[in-house]
Amino acid sequence: MSSGNDELTVVHVVRHGEVHNPDGVLYGRAPGYHLSELGRKMADRVAEHLAERDVAHVVASPLERAQETAAPIAEAHGLDVAEDARLIEAANIFEGKTFGVGDGALRKPANWKYLTNPFRPSWGEPYVDQVVRMTAALAAARDAARGHEAVCVSHQLPIWVIRSYAERRRLWHDPRRRQCTLASITSFTYRGDEIVSVGYAEPAIDLVPIHLRGGGAKAPKGATKAFGA
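Here is a short report on the structure shown in this document. All residue numbers here refer to positions counted from 1 along the written sequence of the relevant chain. Given that the model is predicted, a residue must reach a pLDDT of at least 70 before its local features are reported, and side-chain atom pairs must reach 80 or more before they are shown or counted; all residues, however, enter totals for whole chains, interfaces and linings. The side-chain figures draw on all heavy atoms in the structure; neither hydrogens nor water molecules are used.

Side note on the sheet that holds strand 3 (residues 81-83)
In step 1: The criterion for strand pairing is that DSSP finds at least two bridges linking the strands in question. The numbering of helices and of strands both runs from the N terminus, where a helix is a DSSP run of H or I of at least 4 residues and a strand a run of E of at least 2. Reading across from one edge, 3-2-4-1-5-6 is the order of the six strands in this open sheet, with mixed pairing throughout. In the strand order of this sheet, the two ends are held by strand 3 and strand 6 (194-201), each with one partner. Averaged over neighbouring strand pairs, the angle between their axes works out to 25 degrees when direction is ignored.
In step 2: Pairing of strand 2 (residues 55-60) with strand 3 involves three bridges; the strand directions are parallel. What counts as an axis is a line fitted to C-alpha atoms, over the stretch in contact for a helix, and the angles between N-to-C directions run from 0 to 180 degrees.

Description of helix 4 (residues 156-166)
In step 1: Most of helix 4 sits inside the fold, with nine of its eleven residues counted as buried.
In step 2: Between buried and exposed lies partly exposed: a residue is buried under 20% and exposed over 50% of the maximum accessible area for its type, with that area taken using a 1.4 Å probe on protein chains only. By the burial criterion, the buried members of helix 4 are Gln156, Leu157, Pro158, Ile159, Trp160, Val161, Ile162, Arg163 and Ser164.
In step 3: Contacts are assigned to residue pairs with any non-hydrogen atoms lying within 4.5 Å of each other. The inward-facing, buried residues of helix 4 contact strand 1 (8-15), helix 3 (127-144), strand 4 (149-154), strand 5 (185-191) and strand 6.
In step 4: Just beyond helix 4, the residue with positive phi is Arg168, at close to 60 degrees.

Considerations on the packing of helix 1 (residues 37-50) against helix 2 (residues 64-76)
In step 1: The contact between helix 1 and helix 2 brings their axes to 8 Å, and the two run at 35 degrees. For the pair helix 1 and helix 2, the sense of crossing is right-handed. Each of Arg40, Ala43, Asp44, Val46, Ala47 and Leu50 in helix 1 lies in contact with helix 2, whose residues at this interface are Glu68, Thr69, Pro72 and Ile73.
In step 2: Only Asp, Glu, Lys and Arg are considered charged in this grouping, and only Ala, Val, Leu, Ile, Met, Phe, Trp, Tyr, Cys and Pro are considered nonpolar; every other residue, Gly among them, is considered polar. Residue classes in the contact of helix 1 with helix 2 are distributed as six nonpolar, one polar and three charged. For any helix crossing, the convention is left-handed if the near helix is rotated counterclockwise from the far helix by under a right angle, and right-handed if that rotation is clockwise.

Below you can see the structure in the form of C-alpha cells.
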C-alpha cells in the first residue's frame, strides 16, 4: 500500500489560448482580454487532450483568458473552475502599451530606466516573487487532488519561471527561448509533497501560428503581435 509520503499527484499547468488583441498591446493583468475564436479552439483541444485523465480539480487565474481556457477542461470532468489569484500574470510596468524599440514604449527615454536589471527584472514582478506564489498555488492544487490530477490555468512567464525553478535553472532568461506555447501543458508530478518530474506537451500546436511556437521565430510581415502571456 502507498503511504501519504509516496502517493503520486500530477498538477498540469496550462497556458491559456490565443487572446483577441487587435491593438497588439501588452495586456498583462488588465481586464477585458478574452480568448479569440482560435483561442477557444485551443482550449477545446486541451480539454480533449485531458479528457481521459484522472482530473479531480481545475483552477485558474482570475483573468478572463485563463478562466475561459479552463472552462471546457472543467466541463469535461463535471467540475467547477476554482479561482486562485496566485496564478495570475506577472506584473509589468509596460502594461497597456505596445512594446518595441521602434514602434512602442521603448521609443521614450523615460522608460529606459525600467530596463536596468534583467536579472530581477527591473520592469516587473521579481522572478523570485513569482516562484513563491506559483509554488503555493501548485501546492494548493496538489492538496485538492491528492492521488489524482489537477489542472491549473496560468500565463507564460509564471509557468516558465516555476518550471525553471523546479528544474534548477536560473530564473533570468531570454523570453524568446521559453518552452511554453499557447495552450501548452507543463505537468509537475509530485511524490508526496516533492516534485519528482516535469513533463511538457503541446496538444494544440497545429493551431498555434508558426511565429508564436517558440525558438525565436520571427513574425511574418503584417502578422498581429502577441503580447501578454
